[in-house]
Amino acid sequence: GVWIGHFAYWGFNQYITQRALGAKSIKEAQKGVMFAAYLKLLMPLVIVLPGICAAVLFPVLEKTDQAYPTMMIELLPNGLLGLTFAALIAAIVSSLASMTNSISTIFTMDICRSFAKDEMSQSSLINIGRSAVVGSMLIALIMAKPILGNSDQIFQYIQNFTGLFTPGILVIFLVALFWKKATTLSVLIAAILSVVMSIFIQASFPEFPYIHRMGAVFFASGLGCYITSRAQGYLDQDKAIDLAGIDFSTTRAFNLNTLIIVSILTLIYITLG
């Protein structure tokens, strides 16, 4: 089920794809994706290795989330500590900027403009988007402590929570792109099944790993989408995406770098697995 989260996050997450959509051309977007892929290869060194070191150097910690700040305070000199903290804040602000941009885009373009009776001006959409961002941040500040305050591993809690929706979202995007017989009702059924089944499994089998749950729910949601489409006539939809009219070609350099990255990943899995 780990691949469900990967495909949904890196392929169909508004907060991630917004960066690629902002590129001046497809080729530039491909370069950005490739650069991010190389940076992602550093994750075992940047995330996993320091965690292993923290477990050895500081075996007694009240919470596992204290490992990173403890290592910063105890091991880094003052100048380097400030520089590291500044880099951490910059990374957080960058991610927050992408998230707020996505919140504003989805709320204004997919909700407000879709349900508005009259055509809305650009200035009105901008003001509504800013208000939506401020409101979402206030809600996040209020809900952060009650939801995450008692969690030992915040990252795992977030992954578990988003895993309720991720399987259904992945099904929706995949069938929208590659299956012309998908209907509005069929993908709605997939989304509902994703949430309902995830909550049921989490409540009934709390020891069942959430990654395995995501895999099982993904196939169940896909099956629900398929059965619904069959019941509705199993016909090609008029608004289905025509992939034949889209240029998916990549450069030789992109293909070569893809081969390098896949080879490195395979080597990492074989070596560390």
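One can find the structure itself at the top, above this paragraph.
The structure displayed is predicted, hence computed values, not measured ones. (Residues numbered from 1 in each chain as written. Predicted model: local features only at pLDDT ≥ 70, side-chain atom pairs only at ≥ 80, totals over all residues. Heavy atoms only, no water.)

A few words on the overall build of the protein. Regarding its fold elements, the protein presents twelve helices and zero strands. Overall, the protein shows an N-to-C arrangement of helices and strands of α-α-α-α-α-α-α-α-α-α-α-α. Projected onto its principal axes, the C-alpha coordinates of the protein cover approximately 65 × 50 × 50 Å. Scored against the burial criterion, the 273 residues of the protein give a buried share of 22%. (Helix = DSSP H or I, 4+ residues; strand = E, 2+ residues; numbered from the N terminus. Buried < 20%, exposed > 50% of the residue type's maximum accessible area, 1.4 Å probe, protein only.)

Another point: the pattern of salt bridges. Applying the stated criterion across every chain, the model contains two salt bridges. With its nearest N and O atoms 3.4 Å apart, the salt bridge here joins Lys31 to Glu28. Residue Lys31 and its partner Glu28 are both found in helix α3 (residues 26-40); the two are separated by three residues, about one turn of the helix. Two residues, Lys181 and Asp236, come together in a salt bridge whose shortest N-O distance is 3.0 Å. Taken together, the positions of Lys181 in the loop between α9 (166-178) and α10 (184-204) and Asp236 in the loop between α11 (210-231) and α12 (252-272) put the pair 55 residues apart, joining distant regions of the chain. The exposure class of Asp236 is partly exposed, given its relative accessible area of 47%. (Salt bridge = Lys/Arg side-chain N within 4 Å of Asp/Glu carboxyl O.)

In this section: α11. Taking 1.5 Å of rise per residue, the 22 residues of α11 would be expected to cover 32 Å, and the 31 Å separating its terminal C-alpha atoms lies within 8% of that figure. All of the buried residues along α11 are Tyr210, Arg213, Met214, Gly215, Val217, Phe218, Ser221, Gly224, Cys225, Thr228 and Ser229. Structurally, α11 contributes buried residues whose contacts are with α1 (2-12), α8 (154-162), α9 and α10. Positive backbone phi, at 115°, marks Gly233, one or two positions downstream of α11. (Expected span 1.5 Å × (residues − 1). Contact = heavy atoms within 4.5 Å.)

Further remarks concern the packing of aromatic side chains. How two aromatic rings sit relative to each other is set out by the distance from centre to centre and by the angle between their planes. Applying the stated rule across the entire model yields eight aromatic pairs. Connected via pairs of aromatic rings, a cluster forms that spans Trp179, Tyr226 and Tyr234. The cationic tip of Lys181 hangs over the ring face of Tyr234; the distance from NZ or CZ to the ring centre is 5.2 Å. (Phe/Tyr/Trp six-rings, centres within 6.5 Å; stacked < 30°, edge-to-face > 60°. Lys NZ or Arg CZ within 6 Å of the ring centre and 35° of its normal.)

This part covers the environment of Lys180. By secondary structure assignment, the location of Lys180 is in the loop between α9 and α10. The partly exposed category is assigned to Lys180, whose relative accessible area is 38%. Sequence spacing of Lys180 and Ile246 is 66 residues, and the spatial spacing of their C-alpha atoms is 15 Å. Not counting residues up to four positions away in its chain, the partners in contact with Lys180 are Leu235, Asp236, Gln237, Ala240, Ile241 and Asp242.

Once that is clear, we can look at the side chain of Thr70. When you line up the elements, Thr70 lands in helix α5 (residues 67-75). A polar contact is formed between the side chain of Thr70 and the backbone oxygen of Gln66, at a distance of 2.5 Å. The contact partners of Thr70, leaving out residues within four places of it in the chain, are Phe58 and Leu61. (Polar contact = N/O pair within 3.5 Å; in protein donor to acceptor, adjacent residues only side chain to side chain.)

Contact pair α1 / helix α2 (residues 14-21): the axes reach a minimum separation of 6 Å and the direction vectors enclose 40°. The orientation of α1 with respect to α2, classified from their angle, is oblique. Residue-level contacts link Tyr9, Trp10, Gly11 and Phe12 of α1 to Gln14, Tyr15, Ile16 and Thr17 of α2. Broken down by class, the residue content of the contact of α1 with α2 amounts to five nonpolar, three polar and no charged. (Axes fitted to C-alpha atoms, helices over the stretch in contact; angles between N-to-C directions. Parallel < 35°, antiparallel > 145°, perpendicular 65-115°, else oblique. Nonpolar A, V, L, I, M, F, W, Y, C, P; charged D, E, K, R; others polar.)

A separate point is the nonpolar core. Ranked by size, the top nonpolar core spans 13 residues in total, and within it Ile4, Leu170, Val171, Val175, Phe218 and Cys225 carry the most contacts. The element best represented in this core is α11, accounting for four residues. (Core = buried A, V, L, I, M, F, W, Y, C linked by side-chain atoms within 4.5 Å.)

Following both chains from N to C, one finds helix α6 (residues 78-115) and helix α7 (residues 122-148) inclined at 125°, their axes separated by 9 Å at the closest point. Between α6 and α7, the crossing angle belongs to the class labelled oblique. Between α6 and α7 lies a crossing whose hand is right-handed. Only Leu125, Ile128, Gly129, Ala132, Val133, Ser136 and Met137 of α7 make contact with α6, whose side of the interface consists of Leu96, Thr100, Ile103, Ser104, Phe107, Thr108, Met109, Cys112 and Arg113. Here the residues of the contact of α6 with α7 are counted per class, giving ten nonpolar, five polar and one charged. (Left-handed = near helix turned anticlockwise from the far one by under 90°.)

Attention now goes to the side chain of Thr100. The topology assignment puts Thr100 in helix α6. When residues no more than four places from it in sequence are discounted, the contact partners of Thr100 are Val133 and Met137.

In a regular helix each residue adds 1.5 Å, so 27 residues correspond to 39 Å; α7 covers 37 Å between its end C-alpha atoms and thus fits that length. Along α7, the helix axis deviates most sharply at Ile142, where the bend reaches about 30°; the proline Pro146 sits within four residues downstream. Of all the positions in α7, only Leu125, Gly129, Ala132, Val133 and Ser136 are classed as buried. Where α7 is buried, its residues contact α6. (Bend = angle between axes of the 7 residues up to and from the residue.)

Any link to function would need more than the numbers given here.
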